[in-house]
Amino acid sequence: MAKTESTRASLDKQPHEVATMFDGVARRYDLTNTVISAGQDRYWRWAVRKALAPRPGERILDLAAGTGVSTLDLAKSGAWCLAADFSQGMLAAGRHRKVPMVAADAMALPFADDSFDAVTISYGLRNISDPDAALREMLRVTKPGGRLVIAEFSTPIVPGFRTIYMEYLMKALPKVARAVSSNPDAYVYLAESIRAWPNQRQLALRITGTGWSSVKWRNLTGGIVALHRAYKLG
């Protein structure tokens with residue numbers, strides 16, 4: 001089995017560090033996500049698809065799409081779905097999937113204004129050095145009246161469970177990742193970045209502050225993940 005250099009990004013999220021880190025986890029990324037989430041990743045993808053409600057003929061941008069698992073799921077609707085990711089390694093690992101893929105920086109998207117009916121990003125906004133810039137770019141490429149769905153790790157809403165979850169993040173998650181991931185050190189960064197990320201209400205305020213309207217959210221799995229939805233005014 002080929003070895004992958006162990007690397008992780010720092011919390012200042014320098015783009016080259018983040019890209020290199022995700023290149024390093026690409027080979028076993030989907031398996032690792034299923035293991036560390038105890039299979040909840042499938043439910044979370046279903047919830048994103050339901051919230052986004054893609055329709056046949058629509059153009060959907062799936063940012064931070066990784067290997068394209070989420071994009072393929074969205075494409076079942078009959079919409080034209082494009083997978084975009086900053087990591088060339090992640091895109092290469094998903095090249096066997098029958099969805100269009102493009103390398104793209106979320107802070108400077110290579111698309112014209114008003115190009116997509118909807119934009120979604122799952123577990124990627126947290127890894128961008130300037131999330132507000134990325135949110136403004138998502139707004140720019142979305143058609144008037146279009147919609148945004150963000151799935152991101154968040155803050156558990158039950159106090160006792162929150163403590164247990166944070167302990168899992170910092171102690172158990174890296175140990176589990178060592179057993180299945182091609183770059184376990186990346187999951188130390190994952191745990192640190194989740195702890196540092198804004199809670200549900202704080203993120204909603206940031207989304208609103210970048211120009212999106214009607215921002216709402218709902219919690220999944222007790223707040224481990226939050227789905228934020230918003231619209232671009234027509």
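Conventions we followed
Residues numbered from 1 in each chain as written. Predicted model: local features only at pLDDT ≥ 70, side-chain atom pairs only at ≥ 80, totals over all residues. Heavy atoms only, no water. UniProt positions renumbered as here; feature names shortened; annotations may be inferred. Pairing = 2+ DSSP bridges. Helix = DSSP H or I, 4+ residues; strand = E, 2+ residues; numbered from the N terminus. Axes fitted to C-alpha atoms, helices over the stretch in contact; angles between N-to-C directions. Contact = heavy atoms within 4.5 Å. Salt bridge = Lys/Arg side-chain N within 4 Å of Asp/Glu carboxyl O. Buried < 20%, exposed > 50% of the residue type's maximum accessible area, 1.4 Å probe, protein only. Right-handed = clockwise from strand over helix to strand, strands pointing away. pLDDT = per-residue confidence, 0-100. Arc of directions from axis to C-beta. Polar contact = N/O pair within 3.5 Å; in protein donor to acceptor, adjacent residues only side chain to side chain.

In the nomenclature of an unreviewed UniProt entry, the protein is known as Demethylmenaquinone methyltransferase of Nocardia iowensis. What the UniProt record of the protein gives under Pathway (unreviewed entry) is the line "Quinol/quinone metabolism; menaquinone biosynthesis; menaquinol from 1,4-dihydroxy-2-naphthoate: step 2/2."

As summarised here, the arrangement of the seven strands in space is β3-β2-β1-β4-β5-β7-β6, forming an open sheet in which the pairing is mixed. The two strands at the open ends of the sheet, each matched to only one other strand, are β3 (101–103) and β6 (213–220). When the angles between neighbouring strand axes are averaged without regard to direction, this sheet yields 20 degrees. In the sheet, strand β4 (residues 116–122) pairs with strand β5 (residues 142–153) via six bridges, with the strands oriented parallel. Paired with threonine 120 across the bridge in β5 is valine 149. Contacts from helix α9 (residues 200–209) reach β5, β6 and β7 (225–231), with the element oriented near 155 degrees to β6.

Once that is clear, we can look at the pattern of salt bridges. Inspection of the entire model under this criterion finds eleven salt bridges. Between arginine 147 and glutamate 58 there is a salt bridge; the shortest N-O distance is 2.6 Å. Placement of arginine 147 in strand β5 and of glutamate 58 in the loop between α3 (40–52) and β1 (59–63) is noted, with a sequence separation of 89 residues between them. With a closest N to O distance of 3.2 Å, aspartate 132 and arginine 206 form a salt bridge. One end of the pair, aspartate 132, is in helix α6 (residues 131–141); the other, arginine 206, is in helix α9, and 74 residues separate them in sequence. The class of aspartate 132 is partly exposed, set by a relative accessible area of 23%. Salt bridges linked by common partners bring Arg49, Asp73 and Lys76 together as one network.

If you trace the backbone, alanine 26 turns up in the loop between α1 (15–25) and α2 (29–36). Overall, the relative accessible area of 7% leaves alanine 26 in the buried class.

To continue, consider the pairing of strand β2 (residues 80–85). Where burial is concerned, most of β2 is hidden: five out of the six residues are buried. Taken together, the five bridges between β1 and β2 define a ladder with parallel strand orientation. Pairing of leucine 63 across the sheet is with alanine 84, part of β2. With helix α4 (residues 69–75) bridging β1 and the parallel β2, this β-α-β connection has right-handed handedness. Relative to β3, β2 runs parallel, the two sharing three bridges. Residue pairing across strands places alanine 83 opposite methionine 101, the latter belonging to β3. On the question of chirality, the crossover connecting β2 to the parallel β3 by way of helix α5 (residues 88–93) is right-handed.

Per-residue confidence for the protein gives a mean pLDDT of 88; residues scoring 70 or more make up 90%. In the predicted structure, residues 1–5 sits below a pLDDT of 50 and forms six contacts with residues beyond four places in sequence or in another chain.

Before going further, it helps to spend a moment on unusual backbone geometry. One non-glycine residue with positive phi stands out, namely alanine 53, at about 50 degrees. Within the element layout of this structure, alanine 53 appears in the loop between α3 and β1. Given the relative accessible area of 36%, alanine 53 is considered partly exposed. Although it is not a glycine, threonine 221 sits at a positive phi angle of roughly 50 degrees. Secondary-structure assignment places threonine 221 in the loop between β6 and β7.

Right, let's get into α2. Every buried residue belonging to α2 is among Tyr29, Thr32, Asn33 and Ile36, and all of these are buried. Buried residues in α2, looked at end-on, bunch into an arc of 100 degrees, giving them a common side. Trailing α2 by a residue or two, alanine 38 shows a phi angle of about 55 degrees, which is positive.

Looking at where threonine 210 falls in the secondary structure, it is placed in the loop between α9 and β6. On the basis of relative accessibility, which here comes to 8%, the residue threonine 210 falls in the buried class. Within polar-contact distance, the side chain of threonine 210 engages the backbone oxygen of isoleucine 207 at 2.8 Å.

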